[in-house]
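Each chain is listed here by its residues.
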Amino acid sequence: MKLDLNNLTIHQARDLLVRKEVSSLELTQAALERVHQVDSRLGAFITVTEGLALEQARRADRRLGQGEGEALTGIPMAVKDIICTKGIRTTCGSRMLENFVPPYDATVMAKLNAQGSVLIGKLNMDEFAMGSSTENSAFFISRNPWDPSRVPGGSSGGSAVAVASGEALFSLGSDTGGSVRLPAAFCNLVGLKPTYGLISRYGLVAFASSLDQIGPLTRDVADCALVTQVIAGYDPHDSTSLPQPVPDYSQSLIPHLKGIRLGVPREYFGQGLQPEVKTIIQAAIRELEGLGAEVDWEVSLPHTKYALAAYYILNPSEAMANLARYDGVKYGFSAPEAADIWQAMEQTRGLGFGPEVKRRIMLGTYALSTGYYDAYYLKAQKVRTLIRRELDALFDRFDALITPTSPTVPFKLGEKVGDPLQMYLSDVCAVSVNIAGIPALSVPAGFADGLPVGMQIIGKPLSEAILFRIGYAFQQATDWHKRTPHLEDCQ
Ligand code: GLN
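A brief look at the structure comes next. (Residues numbered from 1 in each chain as written. Predicted model: local features only at pLDDT ≥ 70, side-chain atom pairs only at ≥ 80, totals over all residues. Heavy atoms only, no water.)

**A closer look at the site of the ligand**
Around the ligand, a shell composed of 16 residues is seen, among which Thr176, Gly177, Ser179, Tyr311 and Arg360 lie nearest. Note that an oxygen atom of the ligand is positioned 3.4 Å from one of the side-chain N or O atoms of Tyr312. Measuring from an oxygen atom of the ligand, one finds a side-chain N or O atom of Arg360 at 2.7 Å. Here the shell around the ligand is built from residues that sort into 5 nonpolar, 8 polar and 3 charged. (Near = heavy atom within 4 Å. Polar contact = N/O pair within 3.5 Å; in protein donor to acceptor, adjacent residues only side chain to side chain. Nonpolar A, V, L, I, M, F, W, Y, C, P; charged D, E, K, R; others polar.)

Below, the structure written as structure tokens:
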């Protein structure tokens, strides 16, 4: 039987590489070939680094040939275009940074490079990571390989499409309010939003700094644990990085859940949740029960209803401050013809930013302005504390909480992009996790009419090992994650 080089997990590819049954060059060529076949339709990549990829693959093969190499040596991967790559354009999905070439690598990139993994390219995203569908990219939309008339989720849509369609074996995204988990769920992948501070944000273009985290998108939980192992850890370049050793996550990959206590918060199963999604997640929870977990189906998190509103105050407030650096002077786009510095700044921002970015700047400016600060920003901060405390208290009784990742299956392109409130509602299951700084893992849990549904496993700070254990056991008992999309419609 001919090996399908595009749909291997990292651990399968690693075994083949070590046994010399396949070379990194072959894996890389297969990935690039897939990009040539499907990407003009799917739109995962903003930049394809073909020459570099082939060179890195040859280098990886030499290293492997000498019996050297590590977990990710020679593995083709790709990263969201918000993560700085030295000498490689990093656009953030924006005209503002269309020609920006970073002079340094993000720490996560440096770590992947040190392992010798192979960069296929930089991935499409909502402009400055603002969005839930990847329709806010300044360049082009991305399509869901499971149904190209639907969105892949966002803002890390390209990151999900690339892995789901076999253009890379794993990818990195960023998650400020669900942007790794939502696309993972929509494209039948595993996605991790790690504990705030676990993975360095040095070289991640800042969006909302108290919420932003980088996270992997992979084909299974074992791969997710592997990539997290490599990219996590203290980094003196990021003042929010936690000075903690990273545990050996491979130890947590065991096939049962005896002794694990799970809570099911009812607020995540109410209004707005599609009935098919509810049925699938409930069946998945019963599966977890069958694996030995003790489940309390009647847990409550009453402040959940304020989370989305608080998020959409905190997020624009921080975004507005972070975006002040794009003034046409320091870097990025600069309006060519202006009479004075004020006009230059106005035109730079007027032309350089798309509509959602402008909306966030206005929302944030409003929420922070004198007279409104107390009513909005300060209040949202208080809600943040309440949400965090409420979750903390539950984690005395539970090892993890189980919810849907998204209230709906992937929606149609164009369905929500004209209605910001509808778009923001896609994040309703995701944002409490960012607000509280805690980790959450999304894993494939089933299909509704051929469209993937993701289950979210939420834990207390630094409980990634437990989340991996739960997700791994679930994947030993189910095969949803093994399904791959038919790409005939995508060429
Ligand atoms: N959809 C959310 C927003 O637009 C989340 C974005 C993200 O996680 N980067 O703010």
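Moving on from the coordinates now.
**Regarding the sheet that holds strand β9 (residues 400–404)**
Pairing is mixed in the open sheet, where 11 strands are placed in the order β1-β3-β2-β4-β6-β5-β10-β11-β9-β7-β8. Among the strands making up the open sheet, the edge pair consists of β1 (45–48) and β8 (294–299). Within the sheet, the average angular offset between the axes of one strand and its neighbour, ignoring direction, is 30°. Here β9 runs beside strand β11 (residues 451–458); their pairing, made up of 4 bridges, is antiparallel. Across the sheet, the residue bridging to Leu401 is Ile458, located in β11. Against the sheet, helix α3 (residues 50–65) touches β1 and β3 (118–123), its axis set at about 155° to β3. (Pairing = 2+ DSSP bridges. Helix = DSSP H or I, 4+ residues; strand = E, 2+ residues; numbered from the N terminus. Axes fitted to C-alpha atoms, helices over the stretch in contact; angles between N-to-C directions. Contact = heavy atoms within 4.5 Å.)

**Here we look at unusual backbone geometry**
Cis peptide bonds are those with omega within 30 degrees of zero, and the linkage from Gly154 to Ser155 qualifies with 5°. Positive phi values are uncommon outside glycine, yet Lys20 reaches one of about 60°. Looking at where Lys20 falls in the secondary structure, it is placed in the loop between α1 (10–18) and α2 (24–42). For Cys92, which is not glycine, the phi torsion reads 60° and is therefore positive. Considering the arrangement of structural elements, one finds Cys92 in the loop between β2 (76–80) and α4 (107–115).

**Quick notes on the packing of helix α7 (residues 221–231) against helix α15 (residues 464–477)**
Running from N to C, α7 and α15 cross one another at 150°; their axes reach a closest spacing of 8 Å. By the angle class used here, α7 and α15 are roughly antiparallel. Taken together, the residues of α15 that come into contact with α7 (itself represented by Val221, Ala222, Cys224, Ala225 and Thr228) are Phe468, Gly471, Tyr472 and Gln475. By residue class, the composition of the contact of α7 with α15 is 6 nonpolar, 3 polar and no charged. (Parallel < 35°, antiparallel > 145°, perpendicular 65-115°, else oblique.)

**Re the nonpolar core**
Judged by nonpolar contacts, the single largest core of 120 residues is most densely connected at Phe128, Leu441 and Met455. With 9 residues, the single largest contributor to this core is helix α9 (residues 304–323). Residues in contact with Phe128, not counting those within four places in the same chain, are Cys92, Ser94, Met96, Leu97, Val205, Phe207, Leu323, Tyr326, Phe353 and Val357. Core analysis: the next-biggest nonpolar cluster, separate from the first, contains 20 residues, Val35, Leu42, Ala44 and Ala78 among them. (Core = buried A, V, L, I, M, F, W, Y, C linked by side-chain atoms within 4.5 Å. Buried < 20%, exposed > 50% of the residue type's maximum accessible area, 1.4 Å probe, protein only.)

**Topic: the state of the cysteines**
Per the stated rule, a full pass over the model turns up 0 disulfides. Take Cys224: it sits in no disulfide, and the sulfur closest to it among the cysteines is that of Cys187, at 15 Å. (Disulfide = S-S within 2.5 Å.)

**Overview of the pairing of β3**
Counting buried residues along β3, 6 of its 6 residues qualify, which places the element largely inside the surrounding structure. Relative to β3, β1 is paired through 3 bridges, and the arrangement is antiparallel. The residue bridging Phe45 from the neighbouring strand is Leu123, located in β3. As paired strands, β2 and β3 are joined by 5 bridges and run parallel to one another. When the bridges of β3 are listed, Pro76 appears paired with Val118. For the handedness criterion, the β-α-β arrangement of β2, α4 and β3 is classed as right-handed. (Right-handed = clockwise from strand over helix to strand, strands pointing away.)

**A short note on the pairing of β11**
Every regular strand shows the same layout, with side chains that alternate between the two sheet faces. In terms of burial, β11 is a largely internal element, 8 of the 8 residues being buried. Here β11 shows two buried faces, one formed by Leu451, Val453, Met455 and Ile457 and the other by Pro452, Gly454, Gln456 and Ile458. Across 8 bridges, strand β10 (residues 440–448) lies against β11 in antiparallel orientation. Across the sheet, the residue bridging to Leu441 is Ile457, located in β11. Between the end of β10 and the start of β11, which pair antiparallel, lie 2 residues, with Asp449 showing a positive phi angle near 50°.

**A word on the packing of aromatic side chains**
On inspection of all chains with the given rule, the structure shows 16 aromatic pairs. With 5.4 Å between their ring centres and 45° between their planes, Tyr373 and Tyr377 make a pair best called tilted. By the ring-pair criterion, three or more aromatic residues cluster together here, those being Phe100, Phe128, Tyr326, Tyr331 and Phe353. Positioned above the aromatic ring of Phe411 is the side chain of Lys416, whose terminal nitrogen or guanidinium carbon lies 4.3 Å from the ring centre. (Phe/Tyr/Trp six-rings, centres within 6.5 Å; stacked < 30°, edge-to-face > 60°. Lys NZ or Arg CZ within 6 Å of the ring centre and 35° of its normal.)

**A few points about a nonpolar patch on the surface**
Together, Tyr366, Tyr372 and Tyr376 line one region of the surface with nonpolar side chains, adding up to about 290 Å² of accessible area. Checked against the element boundaries, Tyr372 lands in the loop between α11 (355–368) and α12 (374–394). (Patch = residues over 30% accessible without salt bridge, like charges linked within 9 Å, V, L, I, M, F, W, Y side chains within 5 Å. Areas by Shrake-Rupley, 256 points an atom, 1.4 Å probe, with all protein chains shown as cover. Salt bridge = Lys/Arg side-chain N within 4 Å of Asp/Glu carboxyl O.)

**What about α2?**
Of all the bends in α2, the greatest measures close to 45° and is centred on His36. Regarding α2, the residues found buried are Ser24, Leu25, Leu27, Thr28, Ala30, Ala31, Leu32, Arg34, Val35, Val38, Asp39 and Leu42. Of the residues trailing α2, Gly43 is marked for its positive phi of about 70°. (Bend = angle between axes of the 7 residues up to and from the residue.)

**A closer look at the pattern of salt bridges**
If charged atoms from side chains of opposite charge come close, those side chains can pair. Counted according to the given criterion, the structure contains 14 salt bridges. With its nearest N and O atoms 2.8 Å apart, the salt bridge here joins Glu55 to Arg59. Taken together, the positions of Glu55 and Arg59, both in helix α3 and 4 residues apart, correspond to about one turn of that helix. Under the relative-accessibility criterion, Glu55 is labelled partly exposed at 44%. By relative accessible area, Arg59 is classed as partly exposed at 44%. Arg201 is paired through a salt bridge with Asp238; the nearest N and O atoms lie 4.0 Å apart. In this pair, Arg201 is assigned in the loop between β5 (190–193) and β6 (213–218) and Asp238 in the loop between α7 and β7 (261–265), connecting sequence segments 37 residues apart. With respect to class, Arg201 is no different from Asp238; both count as buried. Linked by salt bridges that have partners in common, Glu356, Arg359 and Arg360 make up one network.

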